[in-house]
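The lines below spell out each chain.
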Amino acid sequence: MLKLFLSSAVKMFFYMLMRPMWLLLLVSVSLMSLVYVNGTITNLPVAIVDQDHTTTSRSLIRSLNTSSKIDVLTYENSLQAYDDINSRKLFAVFTIPRDFEKRLLNGEDVTIPAYGDASSRLANGLIQVDIRGIYQQILTEYNTRVMRNSGFSDPQINIILSPIKGQTMPLYNAGISFAAITFPGLLVMLLQHTFLIASTRTNLTLHSLPQGKPPKIVIFGSLCGLIPIWLFLSLVLFGLWPWVLGYRQLASIPAILVMTFPLLLGVLGLSKLLTECLHRTEMIYLTLAFLTTPVFYLSGTIWPLDAMPLWVQTVSRMLPSTWATNMIAGVNQMGLGLSDNLFNIFMILFLGAIYGSLGFFIAALREGKIRGYIRKIKKFMHSNKKIDNKPSIS
């Protein structure tokens, strides 16, 4: 029995090595990563229309220039700037009004018209954060100067302007950019998706052999032969590739393997269920191709799980990739230990067992074994009833 299992696993392993289509996953990840090669978004073109031409307005422009995310372009009039933002050459337009410095020194309200391209939410959000910070810095400098001229001491000014000192604790630091936040969910989704296709296709191929369906130990051994290939891919995706791109990567190689192995076992259970539901090889590609993006969005990487509707949370928690994303992000980026993720590992294995059991149940129902079991149970209960009703001899 063991010899049959090992021979099937080794045969499938070398079969996959001789036809390395699984390397397309690395090519796909490499291509997707090119958009994040700079690590973060920088030099977003922003137009400044200075209608005041004073020391304060020039100071504001210099402050904007200090931001690494903004590339300040000076325009003479607002109309040209608006034309360029409509043509997608700019992300925002700021117009410093006339008498800006005069009204600011007189304590009057000053409005700086700002128009942004909200179609790019990430770029627009980064510009807004930088602009708010610069506005607050200029306002603090102005208030400090006014209060110092009125006779306030520096300690008094600090107490009035900053009565509360905030301190940020880095409980979660996903890395240097938005890419480092989205990467765990994206990589887990790709790993789950490709392994699900490979294992389901292997299942269907073995079930439709001309010589008949092989023994279950052969099928299980062939599926286990796929696991070393995807363990190697996990080392590249979760270990080597973040290091190449410069993202935060804290997990060791043993930790990556320990995290990935339960995920692959859980996906094997899901592939058994899909095998019995799809029953045709072409249905794999027609069905799973439409599930890739929803699985990524349901993982909680882009949108927090707690902010989803309750029924969506339920669907999300039924996917092994959701628990794997939470586990890998915690170990690889937050520095958590594997002992902190025992519940995630349990849920992945539990879901795999549930899906695998459902697959075996559907297979038994299709093959008529359930009816046979029911008949045997009824026959056994009927025979026991006859024995109980048999009259005793006194």
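Please refer to the structure higher up on the page.
First, a word on what this report is: a plain description of the structure on this page. (Residues numbered from 1 in each chain as written. Predicted model: local features only at pLDDT ≥ 70, side-chain atom pairs only at ≥ 80, totals over all residues. Heavy atoms only, no water.)

1. Re the overall build of the chain
Link 1 in the chain: When helices and strands are tallied, the chain shows 17 helices and four strands.
Link 2 in the chain: For the chain, the residues scored as buried account for 42% of the 394 residues in total.
Link 3 in the chain: Within the chain, residue pairs in contact and separated by at least 24 positions form 74% of the contacts whose partners lie at least 6 positions apart.
Link 4 in the chain: If you sum the accessible surface of the chain, you get close to 23,300 Å²; carbon and sulfur atoms cover 64% of it. (Helix = DSSP H or I, 4+ residues; strand = E, 2+ residues; numbered from the N terminus. Buried < 20%, exposed > 50% of the residue type's maximum accessible area, 1.4 Å probe, protein only. Contact = heavy atoms within 4.5 Å. Areas by Shrake-Rupley, 256 points an atom, 1.4 Å probe, with all protein chains shown as cover.)

2. Points about the pairing of strand 3 (residues 92-96)
Link 1 in the chain: Of all five residues making up strand 3, five are buried, and the element is well covered by its neighbours.
Link 2 in the chain: Of the pairings in the sheet, the one linking strand 1 (residues 44-50) to strand 3 comprises five bridges and is parallel in character. Among the inter-strand pairings, Ile-48 is bridged to a residue of strand 3, identified as Phe-94.
Link 3 in the chain: Bridge count for strand 3 against strand 4 (residues 114-116) is three bridges, and the pairing is antiparallel. (Pairing = 2+ DSSP bridges.)

3. Considerations on the environment of Asp-71
Link 1 in the chain: With respect to the helices, strands and loops of the structure, Asp-71 is situated in strand 2 (residues 70-75).
Link 2 in the chain: It is 8.0 Å that separates the C-alpha atoms of Asp-71 and Thr-42, two residues lying 29 residues apart in sequence.
Link 3 in the chain: When sequence neighbours within four positions are dropped, the list of residues in contact with Asp-71 reads Asn-43, Leu-44, Pro-45 and Val-46.

4. Quick look at the pairing of strand 1
Link 1 in the chain: Taken across its seven residues, strand 1 has seven buried, putting it largely inside the fold.
Link 2 in the chain: The alternating pattern of strand 1 places Leu-44, Val-46, Ile-48 and Asp-50 and Pro-45, Ala-47 and Val-49 on opposite faces, both of which are buried.
Link 3 in the chain: Where strand 1 lies against strand 2, six bridges are found, and the strand directions are parallel. Residue pairing in the sheet places Pro-45 in a bridge with Asp-71 of strand 2.
Link 4 in the chain: This β-α-β element, strand 1 to helix 3 (residues 55-65) to strand 2, shows right-handed connectivity. (Right-handed = clockwise from strand over helix to strand, strands pointing away.)

5. A closer look at unusual backbone geometry
Link 1 in the chain: Look at His-53: it is not a glycine, yet its phi comes out positive at around 55°.
Link 2 in the chain: Along the chain, the position of His-53 falls in the loop between strand 1 and helix 3.
Link 3 in the chain: For Arg-88, which is not glycine, the phi torsion reads 65° and is therefore positive.
Link 4 in the chain: Of note, Arg-88 is situated in the loop between helix 4 (78-86) and strand 3.
Link 5 in the chain: By relative accessible area, which is 58% here, Arg-88 ends up exposed.

6. What about the pattern of salt bridges?
Link 1 in the chain: On inspection of all chains with the given rule, the structure shows two salt bridges.
Link 2 in the chain: For Glu-276, the salt bridge is made with Lys-272, and the minimal N-O distance between the two is 2.9 Å. In this pair, Glu-276 and Lys-272 are both assigned in helix 11 (residues 253-278), four residues apart and thus about one turn of the helix distant.
Link 3 in the chain: Since its relative accessible area comes to 4%, Glu-276 is described here as buried.
Link 4 in the chain: Residue classification places Lys-272 among the buried residues on the basis of a relative accessible area of 10%. (Salt bridge = Lys/Arg side-chain N within 4 Å of Asp/Glu carboxyl O.)

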